[in-house]
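Now for the letters of each chain:
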Amino acid sequence: MFRLAIKNLTQNKTRLIVSVGGLGLALTLVLFFGAIFDGAMSRLTVYIDNAGADVWVSQDGVRTMHMSASFLPASVTDEVERVPGVKEAVPVLYATDMIQANGKEYISYVFGVPDNAPLGRPGGIVEGAAMPGPGEVIIDHSIAASAGLKVGDEVAVLGQQMKIAGFTSDTSSLVSSVSVVRFEDFAKARGGNQAISFVLVKVSPGESPAVVASRISDSVSGVTVQTRQQFASQERKLVKDMSADIINIMNIAGFLTGLAVVALTVYIATIARRKEYGVLKAMGVRNRLLYLVVLTQALLSVALGLAAGVAITLLLSGLIPRFNESMVLTLSFGSLLRVAVVSVFIAGLAALLPARQLAGLEPVAIIRRG
Amino acid sequence: MNANGLHVDHLTKRFGSGDTEVVAVRDVSLEVAPAEVVLIMGPSGSGKSTLLLMLGGLLKPTEGTISLNSLVLSDLSESRLPDVRLRNFGFIFQDFNLLSALNVQDNVAIAAELTGVGRKAALEKAATLLTELGLSHRLHFAPEKLSGGEKQRVAIARALVNDPALLLADEPTANLDSSHGHETMRLLREIANEKGRSVVIVSHDERIKGIADRVLWLEDGQFKDMVAMATDPVCGMALEREKAVTADRDGATFYFCSRGCRLEFLAGSEEFARSEAKAKV
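Rules used throughout
Residues numbered from 1 in each chain as written. Chains lettered and ligands numbered in written order. Predicted model: local features only at pLDDT ≥ 70, side-chain atom pairs only at ≥ 80, totals over all residues. Helix = DSSP H or I, 4+ residues; strand = E, 2+ residues; numbered from the N terminus. Buried ≥ 20, exposed ≤ 12 C-beta atoms within 10 Å, placed from the backbone. Axes fitted to C-alpha atoms, helices over the stretch in contact; angles between N-to-C directions. Parallel < 35°, antiparallel > 145°, perpendicular 65-115°, else oblique. Left-handed = near helix turned anticlockwise from the far one by under 90°. Contact = placed C-beta atoms within 7 Å. Nonpolar A, V, L, I, M, F, W, Y, C, P; charged D, E, K, R; others polar. Arc of directions from axis to C-beta. Pairing = 2+ DSSP bridges. Core = buried A, V, L, I, M, F, W, Y, C linked by C-beta atoms within 7 Å. pLDDT = per-residue confidence, 0-100.

A. Here's a closer look at the overall build of chain B. Helix and strand counts for chain B stand at eight helices and 14 strands. For chain B, with 281 residues in total, the buried portion stands at 45%.

Now the structure itself:
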């Protein structure tokens, strides 16, 4: 009967292409948006991941960079430095700002990092200086590519005109990018305020970041202390929660479209062979075997549609970043597994209606007349 | 009574109840021995198909018993009937009803596979049968590429592949031209003789009477004595001469199922007479 299912599915090539193509496009929609989201998420915490800090200290209650502001007294850095197990403690300033250049604006996470700081330096320099000098900024290469900038050009950051000292790569996403200026320039732009945003901590060799974080938390008042992983995880969770509704709507739309396409084509294929199924029933084939034929057809359609969807998404993942550096597509195993599981569910649902048709099919109707 | 073969005892089938009750088959008894070919004829609505459906375990009788080789079909539960149909009956339909997605050999093999025969053995069995029926050169053809006669031979091979005790054929020649119709009937006759199968055919086709061991006339759900029969030259329907509309031409009497056929005949009587003469040649 498995052979019959395959033959039934492949006999009408047009119907097969419509079914697999339609489902493939619907699943591509789901996979594509998932990949864009995962890609953006992977870039979201790129500074946190690569700043070299094992522990992040922020204002009490502040657990993310996004949608929050952290203000700490500058003295906190010294307090943190005195905690056993702390090797380095570096204060950084942070703000979300618009970088303006050539009439265009780009959202950026701007960090102010002290000269010669062992932590918090910009990573992935592809051109120019490794650290900004006075009145300089290091920005992501995608902004330069978009606005037609080169090292030495000026951009507006934090309300100041600053000269581009260098470019980083892989530090931008669809939602933002990372820019780094000197700590002093950042502080001056804020009116000379002595507050800092975060203290980046490197723990001594052999020390556990979690244990040191706990010690800092016990020793320094008015702070929230998180390991790098905790801080990055909180950041991702916040953005994920903010985007969840949109992502879910896109997923549901994609899955429903796929379900409609498969259900319709399997249903039509079953109705078109109603008489043949009736003959099989007359011969003595039980309903459950016929259900299996229909379910196999639906599963095969879904498997082919999923393969088409994955292939298209992988193709787009390779092509799109060539045209837009900020648009990174990451097809994660988790996302693929989720779509595969839902696809199997779609196949089951799509087979329900035809199975109902078969259950009610009377073989007697095949032998006509009275 | 010989336990082998088909035994039908006082079979009745009623549909509906009260004022709307219709008795499709009324107290019918019948025995078909192995290797016997029985042709059941009768007008439309006479109950032929209802009887055939009951014989094939597709419809439960209201009263009476049906047994095949000591297996009492009418006592079996609905859940057992599919398996019994698969192993004991071979169905041949008017429209051939082959599975369009499968090739000729697979169409036959699938019936064997359904009984648990392995794929290789099923394919071999199918090839042997199809070769016996003169279709060795068509094994891998799609059904749509076959002529009507070839399709019906594939259907016969499919009906035979599980070595059923009884073949049930519903209007097997209705969609075939005269020569293919005769060929199909000759095959059924041979199968009955050589393989010892009981064959029950339901048909309107007068031309096939010659190959049957017995011809039964079913009317109003009951078997009646065979009466003088004729064929309507316009629609080809088998008719009781006594009840038919008639017309005389050139000293011959023609019989019609209705006044419409008679009028049509009279309007083009020469054409019908020519085709009649041609058919006789």
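Resuming the write-up.
B. Representation of the overall build of chain A in the model. Along its length, chain A carries 11 helices and 10 strands. Of all 370 residues assigned to chain A, the portion counted as buried reaches 48%.

C. Focus on the packing of helix 1 (residues 2–11) of chain A against helix 10 (residues 287–323) of chain A. Residues and elements named next belong to chain A. Contact geometry for helix 1 and helix 10: axes closest at 9 Å, N-to-C directions at 55°. Between helix 1 and helix 10, the angle falls in the class oblique. Judged by the twist between their axes, the crossing of helix 1 over helix 10 is right-handed. From helix 1, Phe2, Leu4, Ala5, Ile6, Asn8 and Leu9 reach across to helix 10, where they touch Val293, Thr296, Gln297, Leu300 and Ser301. The residue inventory of the contact of helix 1 with helix 10, partitioned by class, reads seven nonpolar, four polar and no charged.

D. Summary view of helix 7 (residues 209–219) of chain A. All names here are of chain A. Considered for burial, the residues of helix 7 that qualify are Pro209, Val212, Ala213 and Ile216. The arc that holds every buried residue of helix 7, seen down its axis, measures 105°, which confines them to one face. The inward-facing, buried residues of helix 7 contact strand 1 (55–59), helix 4 (76–81), strand 2 (86–101), strand 9 (198–203), strand 10 (223–227) and helix 8 (228–272).

E. Inspection of the interface of chain A and chain B at higher detail. Each partner contributes residues to the interface: chain A has 19 residues there, and chain B has 25 residues. Counting only elements with at least two residues in the side of chain A that touches chain B, the list comes to helix 1 and helix 9 (274–283) of chain A. The residue inventory of the side of chain A that touches chain B, partitioned by class, reads nine nonpolar, four polar and six charged.

F. The environment of Glu36 of chain B, seen in detail. Residue and element names in this part refer to chain B. Within the fold, Glu36 resides in the loop between strand 2 (22–32) and strand 3 (37–41). Here the alpha-carbon distance between Glu36 and Asn193, two residues 157 residues apart in the chain, equals 7.6 Å. For Glu36, the residues in contact, after removing those within four places along its chain, are Ala192, Ser198 and Asp213.

G. Fine view of the sheet that holds strand 1 (residues 6–15) of chain B. Sheet architecture is open: four strands sit in the order 2-1-4-5 (chain B), paired in antiparallel fashion. If you trace the sheet from one side to the other, it starts and ends with strand 2 and strand 5 (71–72) of chain B, each paired once.

H. Representation of the pairing of strand 6 (residues 89–92) of chain B. Residues and elements named next belong to chain B. What you see with strand 6 is no split at all: Phe89 and Phe91 on one side and Gly90 and Ile92 on the other are buried throughout. Sheet analysis places strand 6 next to strand 7 (residues 166–170), joined by four bridges and oriented parallel. Looking across to strand 7, one finds that Phe91 is bridged to Leu168.

I. Representation of unusual backbone geometry in the model. Here the phi dihedral of Asn116 of chain A falls at roughly 60°; this positive angle occurs in a residue that is not glycine. With respect to the helices and strands, the residue Asn116 of chain A is situated in the loop between strand 3 (104–113) and strand 4 (125–128). We classify Asn116 of chain A as exposed; it has 8 C-beta atoms within 10 Å. Look at Asn97 of chain B: it is not a glycine, yet its phi comes out positive at around 50°. With respect to the helices and strands, the residue Asn97 of chain B is situated in the loop between strand 6 and helix 3 (104–113). Looking at Asn97 of chain B, the number of C-beta atoms within 10 Å reads 23, which means it is buried.

J. Seen up close, the packing of helix 8 of chain A against helix 11 (residues 333–359) of chain A. Residue and element names in this part refer to chain A. At a minimum axis distance of 9 Å, the contact between helix 8 and helix 11 shows a crossing angle of 30°. For the pair helix 8 and helix 11, the sense of crossing is right-handed. Facing Phe255, Gly258, Leu259, Val262, Ala263, Val266, Tyr267, Thr270 and Ile271 of helix 8, the residues of helix 11 in contact are Val342, Ile346, Ala347, Leu349, Ala350, Ala351, Leu353, Pro354, Gln357 and Leu358.

K. Summary view of the nonpolar core. Counting 119 residues, the largest nonpolar core has Val262 of chain A together with Ile40, Ala157, Leu188, Val200 and Ile201 of chain B as the members making the most contacts within it. At 15 residues, helix 2 (residues 13–44) of chain A tops the list of elements feeding residues into this core. Not counting chain neighbours up to four residues away, the residues in contact with Ile201 of chain B comprise Val37, Leu39, Ile40, Ala169, Pro172, Leu188 and Ala212 of chain B. Of all hydrophobic cores here, the second largest spans 60 residues; its members include Tyr47, Ala51, Val80 and Phe111 of chain A.

L. Focus on the environment of Val212 of chain A. Along the chain, Val212 of chain A turns up in helix 7. Separated by 11 residues in sequence, Val212 of chain A and Val201 of chain A place their C-alpha atoms 9.4 Å apart.

M. Fine view of the sheet that holds strand 8 (residues 198–202) of chain B. All names here are of chain B. The strand order across the open sheet formed by six strands is 6-7-8-3-9-10, and the pairing between neighbours is mixed. What marks the edges here is a single partner per strand, and that holds for strand 6 and strand 10 (222–224). Here the strands of the sheet are splayed against their neighbours by 25° on average, with no regard to which way each runs. Pairing of strand 9 (residues 214–219) with strand 10, which is carried by three bridges, proceeds in the antiparallel orientation. When the sheet's bridge partners are listed, Glu219 is paired in strand 10 with Gln222.

N. Representation of the environment of Leu295 of chain A in the model. Checked against the element boundaries, Leu295 of chain A lands in helix 10. Setting aside its immediate chain neighbours within four residues, Leu295 of chain A contacts Ala347 and Ala351 of chain A.

O. Spotlight on the confidence of the model for chain B. When pLDDT is averaged across chain B, the result is 85; 92% of the residues are at 70 or more. Mean pLDDT per element in chain B: helix 8 (residues 269–280) of chain B is the minimum at 58, and helix 3 of chain B is the maximum at 93.

P. Expanded view of the pairing of strand 3 of chain B. Residue and element names in this part refer to chain B. With five of five residues buried, strand 3 lies mostly within the body of the structure. Of the two faces of strand 3, the one holding Val37, Leu39 and Met41 and the one holding Val38 and Ile40 are both buried throughout. Examined bridge by bridge, strand 3 and strand 8 share four bridges and lie parallel to one another. Bridging across to strand 8, Val38 finds its partner in Val200. In the sheet, strand 3 pairs with strand 9 via four bridges, with the strands oriented parallel. Residue Met41 lies in a different strand from strand 9, and its bridge partner there is Trp217.

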